[in-house]
Amino acid sequence: MSTSLLSNDAPVGIFDSGVGGLSILRHIRAQLPHEHLVYVADSGFAPYGDKPEDVVAERSLAIARFLVAKGAKALVVACNTATVSAVRLMRTRFPALAIVGVEPGLKPAAAASRNGKVGVLATERTLAGAKFLKLRDEIAQASGAHFLLQPCQGLADQIEFGELDSSATVGMLKRYIAPLLAQGADTLVLGCTHYPLVQASIEQVIAACGVRDVALIDTGEAVARQLGRLLEAGGLLRAFDPALPARVEGWTSASATALSAAFNSLVGIDPPVEETDFAGFYTAGHI
Ligand code: DGL
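Bear in mind that the values here come from a model prediction, so they are computed numbers and not experimental data. (Residues numbered from 1 in each chain as written. Predicted model: local features only at pLDDT ≥ 70, side-chain atom pairs only at ≥ 80, totals over all residues. Heavy atoms only, no water.)

Asker: For this particular structure, what's the right way to read the sheet that holds strand 3 (residues 74–77)?
Answerer: Sheet strands pair by backbone hydrogen bonding; their relative direction is either parallel or antiparallel. Across the sheet, which stays open at both edges, the six strands sit in the order 4-3-1-2-9-10 with parallel pairing between neighbours. Where the open sheet ends on each side, the last strands, each with one partner, are strand 4 (98–100) and strand 10 (273–275). When the angles between neighbouring strand axes are averaged without regard to direction, this sheet yields 20°. The pairing of strand 1 (residues 12–16) with strand 2 (residues 37–41) spans five bridges and is parallel. Bridge pairing in strand 2 links Ile-14 to Tyr-39. Here helix 2 (residues 53–69) sits on the sheet and contacts strand 1, strand 2, strand 3 and strand 9 (248–252); the angle it forms with strand 1, its principal contact strand, is near 155°. On top of the sheet, helix 10 (residues 220–233) reaches strand 1, strand 3 and strand 4; it is set at about 170° to strand 4, its chief contact. (Pairing = 2+ DSSP bridges. Helix = DSSP H or I, 4+ residues; strand = E, 2+ residues; numbered from the N terminus. Axes fitted to C-alpha atoms, helices over the stretch in contact; angles between N-to-C directions. Contact = heavy atoms within 4.5 Å.)

Quick look at the structure:
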C-alpha cells in the first residue's frame, strides 16, 4: 500500500517530442506490464532538438502539467533533449512525483569501448546542454574515454515521418556515422530516443562502412528499471489485476492517425489516441 496520496492504480505519464519515446515505452511495458500508461507525443511541436532550451523547458512543463492532470503517479521524460533542458525544473515543480529522465549512455559506452573512442549521436540541443557537457566531462575524466559528438540534424524528423529505412534516412545516417567510424569509434551512443527505432538502418550503415563489432548503446532498458525502482520505493507499483488489465492511451499535438499507426508498427498495440494542443497547460494554475 502506498503511504502517499498517489494511488497505485494511477498511470505512469511518458512524453517525448514525438514517437521516439515509444522506444522507451516498449521497455516499460516489458518490465512493468501491469502499469497503466499515458503516452504524449508532442509531434506538432517537434523537433525539440533545434529549439532554444527555454522553449523546450516551457513546453515540457506544460506537458508535465497535462500528465499530472491525467492523474500520473510518475513521469518519464522519454526524451534526451527535454531531460537536458527541463528535468531539474520539473523536479522542483513536482517534488512529490517520481520523475525519470533519459540521458545519453556515456558511462555504459565508456565501459563497452575497447579503444576509448565513443561516438555520440544526439540532437544539437542535447549536445549543447550544460547538463550533458558536465556529464561528458565527468565520464571522460573518470574513464579516459574520448567522446566524439555528432549532432544529427533532421534525423528525428525522418523518423517522425515513418522513414525508418528509406534511402534518404540511410544516406543521412551514413553522413553522420561514417566520419565517427573513420576516427576509430568502436562504440556509438544512441543519444536520442528516436534513434533506437532506426537501429536496423544504423547497423546496415556500419556494415556498409566495412567496420565490425561496433557496440550500440541505448539506455531504454535502464530507464524502465529506474522507473520500477522508484515506483517500488514509493510503494506505488501496480499489482496484476485480472479484472482490470493495464491500459495504454496516447495523446498527440499532431495527427491521432499518425500516432495510432506508430503504436501499431513500433509497439504492436492499438490504444485509444486523442489530439490536444496543451494550450491550457501553460500556466502554473494547472499544477
Ligand atoms: N526524442 C528526442 C530526444 O531523445 C528528440 C527529438 C527531437 O529533436 O525532437 O532527444
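More follows now that the structure is in view.
Asker: Help me understand the pattern of salt bridges, please; the structure alone is not making it clear to me.
Answerer: Between side chains of opposite charge, a pair can form as their charged atoms come close. All told, the structure shown has eight salt bridges when counted by the stated rule. In this structure, the salt-bridge partner of Glu-138 is Lys-134, at a minimum N-O distance of 3.2 Å. Here Glu-138 pairs with Lys-134, and both are found in helix 6 (residues 130–143), just four residues apart, close to one helical turn. (Salt bridge = Lys/Arg side-chain N within 4 Å of Asp/Glu carboxyl O.)

Asker: What is the right way to look at the site of the ligand in this model?
Answerer: Among the 13 residues in the neighbourhood of the ligand, the closest are listed as Ser-17, Tyr-48, Asn-80, Thr-81 and His-194. Interatomic distance of 2.6 Å between a backbone N/O atom of Tyr-48 and an oxygen atom of the ligand. Within the side chain of His-194, a nitrogen or oxygen atom sits 2.7 Å from a nitrogen atom of the ligand. Protein chains shield 99% of the accessible area of the ligand, which is 300 Å² for the free molecule. In terms of residue class, the shell around the ligand is built from five nonpolar, seven polar and one charged. (Near = heavy atom within 4 Å. Polar contact = N/O pair within 3.5 Å; in protein donor to acceptor, adjacent residues only side chain to side chain. Areas by Shrake-Rupley, 256 points an atom, 1.4 Å probe, with all protein chains shown as cover. Nonpolar A, V, L, I, M, F, W, Y, C, P; charged D, E, K, R; others polar.)

Asker: Help me out: how do you make sense of the packing of helix 1 (residues 22–31) against helix 11 (residues 256–267) in this one?
Answerer: The geometry of a pair of packed helices is captured by two quantities: the angle between their axes and the separation between those axes. Interaxial distance between helix 1 and helix 11 falls to 11 Å at its minimum, and their mutual angle equals 55°. Looking at the two axes, helix 1 sits oblique to helix 11. In the crossing of helix 1 with helix 11, the sense of the turn from one axis to the other is right-handed. Only Ala-262, Phe-263, Leu-266 and Val-267 of helix 11 make contact with helix 1, whose side of the interface consists of Leu-22, Leu-25, Arg-26 and Arg-29. The class makeup of the residues in the contact of helix 1 with helix 11 is six nonpolar, no polar and two charged. (Parallel < 35°, antiparallel > 145°, perpendicular 65-115°, else oblique. Left-handed = near helix turned anticlockwise from the far one by under 90°.)

Asker: Before we go on, may I ask you to explain the environment of Ile-139 in this structure?
Answerer: The topology assignment puts Ile-139 in helix 6. With relative accessibility at 12%, the residue Ile-139 sits in the buried group. Through-space distance from the C-alpha of Ile-139 to that of Ile-206 is 25 Å; in sequence the pair is 67 residues apart. (Buried < 20%, exposed > 50% of the residue type's maximum accessible area, 1.4 Å probe, protein only.)

Asker: Can you help me understand the nonpolar core in this one?
Answerer: Grouped burial of nonpolar side chains is what soluble globular proteins tend to show. Core analysis: the biggest nonpolar cluster contains 54 residues, and Ile-14, Leu-22, Ile-28, Val-76, Ile-177, Leu-227 and Phe-263 have the highest contact counts within it. Looking at which element gives the most residues to this core, the answer is helix 8 (residues 167–182), with seven residues. Not counting chain neighbours up to four residues away, the residues in contact with Phe-263 comprise Leu-22, Leu-25, Tyr-39, Val-248, Gly-250, Gly-268, Ile-269, Pro-271 and Val-273. Judged by nonpolar contacts, the second largest core, of 26 residues, contains Leu-75, Val-77, Trp-251 and Phe-278. (Core = buried A, V, L, I, M, F, W, Y, C linked by side-chain atoms within 4.5 Å.)

Asker: Just checking my understanding: could you explain the environment of Asp-218 for this structure?
Answerer: Among the secondary structure elements, Asp-218 is positioned in the loop between strand 8 (215–217) and helix 10. Spatially, the C-alpha atom of Asp-218 lies 22 Å from that of Gln-141, the residues being 77 residues apart in sequence. Sequence-distant contacts of Asp-218, that is, excluding residues within four places in its chain, are made with His-27, Leu-190 and Pro-196. Here the side chain of Asp-218 touches Gly-220 through a polar contact of 3.0 Å, landing on its backbone nitrogen.

Asker: Which parts of the structure should I look at to understand the packing of aromatic side chains?
Answerer: Ring pairs (aromatic) are described by centroid distance and by the angle formed between their planes. A complete count under the given rule lists five aromatic pairs for this structure. Taking the centre distance of 5.0 Å and the plane angle of 90° together, the rings of Phe-66 and Phe-278 count as edge-to-face. Within this pair, whereas Phe-66 is found in helix 2, its partner Phe-278 is found in the segment after strand 10, the two being separated by 212 residues in sequence. Considered together, Phe-66 and Phe-278 belong to a single accessibility category, that of buried residues. Judged by centre distance (5.4 Å) and plane angle (85°), the ring pair of Phe-66 and Phe-281 falls under edge-to-face. Here Phe-66, found in helix 2, pairs with Phe-281, found in the segment after strand 10; they are 215 residues apart in sequence, far enough to count as distant. With relative accessibility at 4%, the residue Phe-66 sits in the buried group. By relative accessible area, which is 16% here, Phe-281 ends up buried. Here the aromatic cluster, defined as three or more aromatic residues joined through ring pairs, consists of Phe-66, Trp-251, Phe-278 and Phe-281. Above the plane of the ring of Phe-45 lies Lys-51, whose end atom (NZ or CZ) is 5.2 Å from the centre. Positioned over the ring face of Phe-45 is Arg-59, at 4.2 Å from the centre of the ring. (Phe/Tyr/Trp six-rings, centres within 6.5 Å; stacked < 30°, edge-to-face > 60°. Lys NZ or Arg CZ within 6 Å of the ring centre and 35° of its normal.)

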